[in-house]
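Chain by chain, the residues run as shown.
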Amino acid sequence: MADVKVKDPRGGVSPVTIAGVVILVVSLIGLVVGLNYYSRTNESNEAGVWDMSSLTPMPAGTEVKLIKDDPNKDGATYIQFSKPGANGKEFDLYEDFQCPACGKFQSVYSETLSDVIKSGSKLNFIPLAFLDQKQKEPTTYSTDMVGAIMALADSGDAKRTWRFYTAAWNNQ
């Protein structure tokens, strides 16, 4: 005897289809609630927004230069903050934006670093990204921060570069 298939008289909607639609609707509601919560926390400075209220002021007249492939520093590319025509000593800072010791150094000596520039010396920030792969879950945070500050320095906008540099440490 041949199998005879009888069409469901309720319109052909199976329980599996109904379950799939319910799961989709619940997922969409969860997504909307999650996005709403995320946007509220960003607006209230609880997550993802840097506190810019306590930045070390940039010395007046500071210039920024992106120095590329400097043979005197083993081919390093770095950011130099200085006064126009500065010919004093050079201070090199090798730092990773995820480094706790670097962050502590910045919190203690940020005013002194500003004074270094005021005195006619050059402050060289040589960014590193060695801690990206040292985390429990590897990230690209340091690499992304280096790219961002390099782009700012390359634009020649000393004020924005300095604000980014100091804000990154203040909000580590």
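Residues numbered from 1 in each chain as written. Predicted model: local features only at pLDDT ≥ 70, side-chain atom pairs only at ≥ 80, totals over all residues. Heavy atoms only, no water.

### Quick look at the nonpolar core
Piece 1. Of all hydrophobic cores here, the largest spans 24 residues; its most connected members are Ile-79, Phe-81, Phe-97, Leu-123, Ile-149 and Tyr-165.
Piece 2. Counting residues per element, the ones that place at least two in this core are strand E1 (63–70), strand E2 (76–82), helix H2 (100–118), strand E4 (122–128), helix H3 (141–155) and helix H4 (158–170).
Piece 3. Here this core takes six residues from H4, the largest share from any one element.
Piece 4. What Ile-79 contacts, discounting residues up to four positions off in sequence, is Val-64, Lys-65, Leu-66, Leu-123, Asn-124, Phe-125, Ile-149, Met-150, Ala-153 and Thr-161. (Core = buried A, V, L, I, M, F, W, Y, C linked by side-chain atoms within 4.5 Å. Buried < 20%, exposed > 50% of the residue type's maximum accessible area, 1.4 Å probe, protein only. Helix = DSSP H or I, 4+ residues; strand = E, 2+ residues; numbered from the N terminus. Contact = heavy atoms within 4.5 Å.)

### Quick word on H4
Piece 1. The end-to-end C-alpha distance of H4 is 18 Å, a good match for the 18 Å that 13 residues give at a rise of 1.5 Å each.
Piece 2. Every buried residue of H4 is accounted for by Ala-158, Thr-161, Trp-162, Phe-164, Tyr-165, Thr-166, Ala-167, Ala-168 and Trp-169.
Piece 3. Those residues of H4 that are buried are in contact with E1, E2, strand E3 (90–96), H2, E4 and H3.
Piece 4. A distance of 3.3 Å separates the backbone nitrogen of Lys-159 from a side-chain oxygen at the start of H4, and that oxygen is part of Asp-157. (Expected span 1.5 Å × (residues − 1). Polar contact = N/O pair within 3.5 Å; in protein donor to acceptor, adjacent residues only side chain to side chain.)

### Looking at the packing of H2 against H4
Piece 1. Taken N-terminus to C-terminus, the directions of H2 and H4 make an angle of 150°; their axes are 9 Å apart at the nearest point. Taken together, the axes of H2 and H4 lie roughly antiparallel to each other. On H4, the residues that touch Cys-102, Gly-103, Gln-106, Ser-114 and Ile-117 of H2 are Trp-162, Tyr-165 and Trp-169.
Piece 2. Tallied by class, the residues present in the contact of H2 with H4 amount to five nonpolar, three polar and no charged. (Axes fitted to C-alpha atoms, helices over the stretch in contact; angles between N-to-C directions. Parallel < 35°, antiparallel > 145°, perpendicular 65-115°, else oblique. Nonpolar A, V, L, I, M, F, W, Y, C, P; charged D, E, K, R; others polar.)

### What about the pairing of E4?
Piece 1. Taken across its seven residues, E4 has six buried, putting it largely inside the fold.
Piece 2. As defined by bridge partners, E2 adjoins E4 across three bridges and the pair is classed as antiparallel. Note on E4: the bridge partner recorded for Ile-79 is Phe-125.
Piece 3. Sheet topology places E3 next to E4; seven bridges connect them, and they run parallel. Directly across from Phe-91, in E4, lies its bridge partner Leu-123.
Piece 4. Each parallel crossover has a hand, and for E3 linked through H2 to E4 it is right-handed. (Pairing = 2+ DSSP bridges. Right-handed = clockwise from strand over helix to strand, strands pointing away.)

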